[in-house]
Amino acid sequence: MPTEATEKPVLAAYPPSAEFAAQANGGAELYSEADSDRDAFWAKQAARLHWHEPFNQVLDWSEAPVAKWFVGGKLNVAYNCVDRHVEAGYGDQVAIHWVGEPGDTRTLTYSDLLSLVSKTANYLSELGLQAGDRVAIYMPMIPEAIASMLACARLGLTHSVVFAGFSSSALRSRIDDAEAKLVITTDGQFRRGKPAPLKAAVDEAIGGDTPAPSVEHVLVVRRTGEDTPWQAGRDLWWHETVEKASSEHTAEAFDSEHPLFLLYTSGTTGKPKGILHTSGGYLTQASYTHHYVFDHKPGEDVYWCTADIGWVTGHSYIVYGPLSNRTTQVVYEGTPNSPNEHRHFEIIENHGVTIYYTAPTLIRTFMKWGREIPDAHNLSSLRLLGTVGEPINPEAWRWYHSVLGGGRCPIVDTWWQTETGAIMISPLPGVTECKPGSAMAPLPGISMQIVDDEAHPVARGATEANGYLVIDQPWPAMLRGIWGDMQRFKDTYWSRFAEQGYYFAGDGAKFDEDGAVWVLGRVDDVMNISGHRISTAEVESALVGHDAVAESAVIGATDATTGQAIVAFVILRQGVVNTGDELVADLRATVSRDIGPIAKPRDIYIVPELPKTRSGKIMRRLLRDVAEGRQLGDTSTLVDPGVVESLRGGK
Ligand code: ATP
Ligand code: MG
């Protein structure tokens with residue numbers, strides 16, 4: 001493959017400019033340093049943090065697959081993210097430029113953040129919460145949400161943030177699973193310019209005929225000011241409690257392995273799993289990766305990660321990584337098209353954002369809206385761009401590079417998972433010659449392989465998508481388990497290559513001739529067409545490479561003759577006329593030319609929307625259910641169940 005006459009564009013690589021490389025936080029020596037002594041390398045990264053008591057062993061892997069990192073060390077995660085910056089004289093530096101969806105703004109310095117976190121911690125203690133207790137946080141993107149996470153960290157409480165767009169039943173199952181004693185929420189939230197109730201969903205989740213047995217209190221921040229139902233005794237207003245608490249609080253140190261948070265995966269491949277992360281190793285790697293991958297300069301950069309705190313990117317790259325590095329960041333509450341599609345670009349322009357980290361789904365949405373929108377703004381403050389969440393199509397990468405980045409910004413395509421806790425595979429922006437669509441190489445300190453079914457390394461440049469991404473050495477931010485289900489933890493990640501002791505990431509991948517890593521999506525998403533393994537990501541990229549297409553999702557549907565057949569769902573770019581069969585024929589020809597006739601989709605459906613999780617990932621398993629006429633699997637994390645029903649109807 002490809003077998004037809006092809007004219008594939010030569011894949012240009014993008015090296016960093018000499019100017020960027022000269023000022024970069026990380027150079028090539030990081031790789032050699034980490035290779036020569038991995039433990040010493042991680043000990044050095046851990047030393048970027050403040051330890052109340054030093055650790056005496058870097059890694060204890062004797063109870064694999066449950067690691068202990070920085071054994072014997074004690075630290076306070078919140079102290080590292082807030083207090084130490086204030087103590088070092090940076091109390092007046094802005095920590096958060098907050099932008100509310102309706103246009104209201106707040107600015108919090110590190111001193112302001114310290115005061116808010118301390119008050120929250122004092123009040124949570126007053127409620128009787130003790131280290132080890134679990135707290136559910138179900139809030140929109142407001143400063144109190146971040147302060148709540150940090151207050152939990154400060155007290156050794158384990159937080160479980162549940163995305164505020166999830167339904168009450170998704171919230172209930174997460175509260176029950178974690179046996180949370182407290183739920184922190186808001187009266188309501190703004191959604192596309194309109195207030196919508198949120199506390200009501202908490203009431204529905206934990207009240208009614210079968211109240212959640214673990215929940216003692218619900219702490220409510222006033223955000224929209226709408227009337228809200230109230231249960232005296234259980235429900236507490238934040239402004240009547242937290243805001244009246246003392247702003248003096250001394251952070252106590254906890255063991256390096258003290259649980260920090262639980263977070264449920266986004267559910268693209270099955271029922272969400274409650275991933276457990278602990279303190280010292282997690283913070284070390286979140287902080288290290290944020291510093292080097294984003295080339296962040298404290299006090300100079302204005303950083304913006306567009307994720308929601310309801311998923312892991314928000315945890316590691318809005319809260320723990322950036323704050324531990326004394327970042328000044330933008331936190332935006334709302335959607336990118338409220339009040340109109342200019343919103344993100346206005347924010348970048350107004351705040352002089354220098355580092356911007358988002359997901360491929362949003363970049364493709366920007367492409368669909370058209371380049372006139374970003375072009376209407378001065379984006380010259382940007383100096384580095386990042387992506388996470390899915391493979392980025394080369395077409396979208398190049399668009400991001402030229403339209404947002406003005407051709408001058410390195411792009412870091414960061415591969416990682418809720419389970420890995422922090423970035424694992426990514427360019428180092430001052431070193432790596434990037435290839436659009438490739439996450440390139442494991443970071444210094446991280447070791448991974450791509451292997452076949454028998455655990456043999458897959459050769460470089462192999463054309464078939466038959467490799468599994470595995471991580472063959474423990475890493476500091478690795479998950480320590482699935483909450484309440486250690487068997488599932490072992491089965492899901494450690495049984496596939498048990499003999500070798502590899503962590504099975506569940507993603508398909510390959511190395512190209514130059515050794516760059518190409519992540520091809522979930523193993524479940526790699527298709528088998530007449531014995532050829534073809535990745536959904538590659539077919540999607542070919543489709544998105546066609547001028548008419550803004551976004552696509554490809555699945556392998558059961559087929560009597562070929563085993564699986566390729567079925568594609570595509571969304572057209574704004575303004576493109578759907579010529580029906582003619583367009584479909586053209587799209588099939590494009591795939592055939594780019595990949596080969598074997599990859600030609602059997603069916604192509606032009607649709608208005610794709611089913612996505614709240615974190616913006618396409619739920620291919622639901623499309624498979626639709627294509628094969630099955631009942632839908634777990635849809636609790638789907639944005640809009642109506643989308644799937646409409647596909648079913650229109651198909
Ligand atoms: P679930 O495990 O419940 O199915 P999920 O895997 O979507 O949910 P996350 O942990 O948020 O939940 O996502 C991690 C996955 O996202 C990775 O396994 C990978 O498939 C994909 N991913 C993340 N970043 C990248 C990237 N830069 N390139 C390619 N794929 C990526
Ligand atoms: Mg996953």
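Treat the numbers as computed from the prediction; the structure is a model and nothing was measured. (Residues numbered from 1 in each chain as written. Chains lettered and ligands numbered in written order. Predicted model: local features only at pLDDT ≥ 70, side-chain atom pairs only at ≥ 80, totals over all residues. Heavy atoms only, no water.)

Moving on to the overall build of the protein. Looking only at helices and strands, the protein has 20 helices and 30 strands in total. Taken over C-alpha atoms, the radius of gyration comes to 24 Å for the protein, in line with the 26 Å a tight globule of 651 residues would show. Its C-alpha atoms give the protein principal-axis dimensions of about 75 × 55 × 50 Å. For the protein, the proportion of its 651 residues judged to be buried stands at 63%. (Helix = DSSP H or I, 4+ residues; strand = E, 2+ residues; numbered from the N terminus. Rg over C-alpha atoms; globule rule 2.2 N^0.38 Å. Buried < 20%, exposed > 50% of the residue type's maximum accessible area, 1.4 Å probe, protein only.)

Turning to the confidence of the model for the protein, a few remarks are in order. For the protein, the average pLDDT comes to 93, and 97% of its residues sit at 70 or higher. In the predicted structure, residues 1-10 sits below a pLDDT of 50 and forms 13 contacts with residues beyond four places in sequence or in another chain. (pLDDT = per-residue confidence, 0-100. Contact = heavy atoms within 4.5 Å.)

Our next topic: the sheet that holds strand 21 (residues 448-451). What holds strands together in a sheet is hydrogen bonding between their backbones, with the strands either parallel or antiparallel. Strand order in the open sheet made by the four strands is 21-22-24-25, with antiparallel pairing throughout. The outermost strands of the open sheet, each flanked by one partner alone, are strand 21 and strand 25 (517-522). Between one strand axis and the next, the sheet turns by 45° as a mean value, whatever way the strands run. The pairing of strand 21 with strand 22 (residues 468-471) spans four bridges and is antiparallel. Within the sheet, the bridge partner assigned to M448 lies in strand 22 and is I471. (Pairing = 2+ DSSP bridges. Axes fitted to C-alpha atoms, helices over the stretch in contact; angles between N-to-C directions.)

Moving on, we get to the packing of helix 4 (residues 77-90) against helix 6 (residues 143-155). The contact between helix 4 and helix 6 brings their axes to 7 Å, and the two run at 120°. Compared by their axis directions, helix 4 and helix 6 come out oblique. Contact residues: helix 4 offers V77, A78, Y79, C81, V82 and D83, while helix 6 offers L150, A153 and R154. The residue inventory of the contact of helix 4 with helix 6, partitioned by class, reads seven nonpolar, no polar and two charged. (Parallel < 35°, antiparallel > 145°, perpendicular 65-115°, else oblique. Nonpolar A, V, L, I, M, F, W, Y, C, P; charged D, E, K, R; others polar.)

On to helix 13 (residues 360-369). Among the ten residues in helix 13, ten count as buried, and that is most of the element. When we look at burial in helix 13, the residues that qualify are P360, T361, L362, I363, R364, T365, F366, M367, K368 and W369. Following helix 13 by one or two positions, G370 has its phi on the positive side, about 105°.

This paragraph deals with the pairing of strand 11 (residues 217-221). When you tally the buried positions in strand 11, you get five out of five residues, the bulk of the element. Of the two faces of strand 11, both are covered, the one formed by H217, L219 and V221 as well as the one formed by V218 and V220. Examined bridge by bridge, strand 8 (residues 182-186) and strand 11 share five bridges and lie parallel to one another. Following the sheet pairing, T185 is matched in strand 11 by V220.

Here we take up empty space enclosed by the protein. With the rule as written, the count across this model stands at five cavities of 30 Å³ or more. The volume enclosed by the largest cavity comes to roughly 140 Å³. F163, F166, Y264, G310 and W311 are the residues nearest the centre of the largest cavity, which is lined by 15 residues in total. A class-by-class count of the residues in the lining of the largest cavity yields seven nonpolar, six polar and two charged. (1 Å grid on protein atoms, 1.4 Å probe; cavity = no way out; pocket = protein on both sides within 12 Å on 5 of 7 lines; lining within 4 Å. Points joined across faces, edges and corners; volume = space filled by probe spheres on them.)

As for its position among the elements, T536 is in helix 17 (residues 536-544). What makes T536 buried here is its relative accessible area of 3%. Among all residues touching T536, those that are not within four sequence positions of it are L520, D525, M527, V554, I555 and R620.

Once that is clear, we can look at the sheet that holds strand 4 (residues 94-99). Spatial strand order, 5-4-17-16-18-19-20: seven strands in an open sheet with mixed pairing. The open sheet has two free edges, formed respectively by strand 5 (105-109) and strand 20 (411-414), since each of these has just one partner strand. On average, adjacent strands in this sheet sit at an angle of 15° to one another, irrespective of strand direction. Bridge analysis of strand 4 against strand 5 gives five bridges, and the strand direction is antiparallel.

What follows concerns the packing of aromatic side chains. We describe a pair of aromatic rings using the distance from one ring centre to the other and the angle between the two ring planes. A complete count under the given rule lists 35 aromatic pairs for this structure. Ring centres of W51 and F55 lie 5.2 Å apart, and the angle between their planes is 70°; this geometry places the pair in the edge-to-face category. An angle of 75° between the planes, with centres 5.7 Å apart, marks the rings of F294 and Y303 as edge-to-face. In this structure an aromatic cluster arises from ring pairing among F41, W42, W51, F55, W69, F70, Y288 and Y292. Looking at R106, its charged tip hangs above the ring of W98, at a distance of 5.8 Å from the centre. (Phe/Tyr/Trp six-rings, centres within 6.5 Å; stacked < 30°, edge-to-face > 60°. Lys NZ or Arg CZ within 6 Å of the ring centre and 35° of its normal.)

Bringing the packing of helix 3 (residues 38-46) against helix 10 (residues 280-293) into the picture now. Between helix 3 and helix 10, the shortest axis-to-axis distance is 9 Å and the interhelical angle comes to 85°. Between helix 3 and helix 10, the crossing angle belongs to the class labelled roughly perpendicular. Of helix 10, the residues touching helix 3 (which contributes F41, W42, Q45 and A46) are T284, Q285, Y288 and Y292. The residue makeup of the contact of helix 3 with helix 10, split by class, is five nonpolar, three polar and no charged.

Among the nonpolar cores identified, the biggest contains 114 residues, and L124, L150 and Y320 are the most heavily contacted of them. Broken down by element, this core gets its largest block of residues, nine residues, from helix 6. By size, the runner-up hydrophobic cluster in this structure holds 29 residues, among which are W304, V330, L382 and V403. (Core = buried A, V, L, I, M, F, W, Y, C linked by side-chain atoms within 4.5 Å.)

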